[in-house]
Amino acid sequence: AQSVTQLGSHVSVSEGALVLLRCNYSSSVPPYLFWYVQYPNQGLQLLLKYTTGATLVKGINGFEAEFKKSETSFHLTKPSAHMSDAAEYFCAVSDATGGFKTIFGAGTRLFVKA
Amino acid sequence: EAGVAQSPRYKIIEKRQSVAFWCNPISGHATLYWYQQILGQGPKLLIQFQNNGVVDDSQLPKDRFSAERLKGVDSTLKIQPAKLEDSAVYLCASSLGVGGMNEQFFGPGTRLTVL
């Protein structure tokens, strides 16, 4: 069965610093991988997704993630954090063994310090 | 393009009472999802519709939860009777297709508090 582990329920960075949010997944077949962001009192919004092809995926707001099959990871990065990046981030996986049901991780709350 | 609409945004009820949530997906989206998001956890799929048919309801507590999607558009999720552990945010989402690679568009959610 698929599962998603997000390391660190809270991450704090200074404005301008590198953002790194970690995600490891479990899947026995090629997965589809997603990162969603949730701002306070709003629904989730897709940042980026990996389906097939290029393993480095670029998303909105300067975020990118790299699919590493050997490490079963899909970490999210952004070179320079902005105050507006403060939000909760969810990694998710979907694959054929689960009927393509999307499984979400528990989320990582990102704090950005001025 | 209008987003996914949900109402009400907030609801407080006593345990054993009933409650219903409404969702209007993005026009033309065939697939509609209801998720439960408990504080500190990621969203958990309760039920997935394609048009007005159920694709997956394996995690829906069917003794107390029910959902329908009339005419393949709007959807209602009902809890009857509610328990304390049902306190959560209920998210509705929609997507164009049913495949796992499709982006899901989420509504703002309904925050339910059961006292």
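Residues numbered from 1 in each chain as written. Chains lettered and ligands numbered in written order. Predicted model: local features only at pLDDT ≥ 70, side-chain atom pairs only at ≥ 80, totals over all residues. Heavy atoms only, no water.

1. Observations concerning the pairing of strand β6 (residues 53-56) of chain B
Consecutive residues of a regular strand have side chains that alternate between opposite faces of the sheet. Residue and element names in this part refer to chain B. Examined bridge by bridge, strand β5 (residues 44-50) and β6 share 3 bridges and lie antiparallel to one another. The residue bridging Gln 50 from the neighbouring strand is Gly 53, located in β6. In textbook terms, the turn of a hairpin is the stretch between consecutive antiparallel strands, and for β5 and β6 this stretch comprises 2 residues, one of which, Asn 51, has a positive phi near 55°. (Pairing = 2+ DSSP bridges. Helix = DSSP H or I, 4+ residues; strand = E, 2+ residues; numbered from the N terminus.)

2. Examining the state of the cysteines
Note on terminology: a disulfide is the covalent bond linking the sulfur atoms of two cysteines. Residue and element names in this part refer to chain B. Evaluation of the coordinates by the stated rule reveals 2 disulfides over all chains. Two residues, Cys 23 and Cys 92, share a disulfide whose sulfurs are 1.9 Å apart. Judged by the torsion about the S-S bond (-70°), the Cys 23/Cys 92 disulfide is left-handed. Here the residue Cys 23 occupies a position in strand β3 (residues 19-24), and Cys 92 occupies one in strand β9 (residues 88-95), the gap between them amounting to 69 residues. (Disulfide = S-S within 2.5 Å.)

3. What to know about the interface of chain B and chain A
Many descriptions give the size of an interface as the accessible area lost when the pieces come together. Counting from both sides, the interface comprises 21 residues of chain B and, opposite them, 19 residues of chain A. When the two sides are added together, the surface that chain B and chain A hide from each other amounts to roughly 1,600 Å², 51% of it contributed by carbon and sulfur. If you sort the residues of chain B by the area they bury against chain A, B:Gly100, B:Met101 and B:Phe106 come out on top, with a joint share of 32%. Counting every contact that joins chain B to chain A gives 1 salt bridge. (Contact = heavy atoms within 4.5 Å. Buried area = accessible area lost by both parts, 1.4 Å probe. Salt bridge = Lys/Arg side-chain N within 4 Å of Asp/Glu carboxyl O.)

4. What about the sheet that holds strand β7 (residues 64-68) of chain A?
Paired through backbone hydrogen bonds, the strands of a sheet run either parallel or antiparallel to each other. Residues and elements named next belong to chain A. Reading across the sheet, the 5 strands line up as β1-β3-β8-β7-β6 and stay open at both edges, with antiparallel pairing between neighbours. With partners counted over all chains shown, the strands left at the sheet margins are β1 (3-7) and β6 (56-58), one partner each. Sheet twist, expressed as the average angle between the axes of neighbouring strands with direction ignored, equals 20°. As defined by bridge partners, β7 adjoins strand β8 (residues 73-78) across 5 bridges and the pair is classed as antiparallel. Residue Ala 65 lies in a different strand from β8, and its bridge partner there is Leu 76. (Axes fitted to C-alpha atoms, helices over the stretch in contact; angles between N-to-C directions.)

5. Let's talk about the side chain of B:Gln48
Residues and elements named next belong to chain B. By the secondary structure assignment, Gln 48 is in strand β5. Overall, the relative accessible area of 5% leaves Gln 48 in the buried class. Residues within four places of Gln 48 in sequence aside, it is in contact with Thr 31, Leu 32, Tyr 33, Gly 53, Val 54, Val 55, Asp 56 and Val 98. (Buried < 20%, exposed > 50% of the residue type's maximum accessible area, 1.4 Å probe, protein only.)

6. Observations concerning the sheet that holds strand β7 (residues 65-69) of chain B
Residue and element names in this part refer to chain B. Sheet architecture is open: 4 strands sit in the order β1-β3-β8-β7, paired in antiparallel fashion. Strand pairing shows two members of the sheet lacking a second neighbour, β1 (5-7) and β7, which therefore form its edges. Taken over all neighbouring pairs, the strand axes of this sheet differ in orientation by 15° on average, direction set aside.

7. Re the pattern of salt bridges
Across all of its chains, the model carries 6 salt bridges over all chains by this definition. A salt bridge links A:Asp85 to A:Lys78; the shortest N-O distance between them is 2.9 Å. Among the salt bridges present, the one from B:Lys62 reaches B:Asp57, with a minimum N-O distance of 3.7 Å. Judged by relative accessible area, which is 26%, B:Asp57 ranks as partly exposed.

8. Quick word on the environment of B:Leu77
Residue and element names in this part refer to chain B. Following the sequence through the fold, Leu 77 ends up in strand β8 (residues 75-79). Overall, the relative accessible area of 0% leaves Leu 77 in the buried class. Taking the C-alpha atoms as reference points, Leu 77 and Val 19, separated by 58 residues in sequence, lie 8.4 Å from one another.

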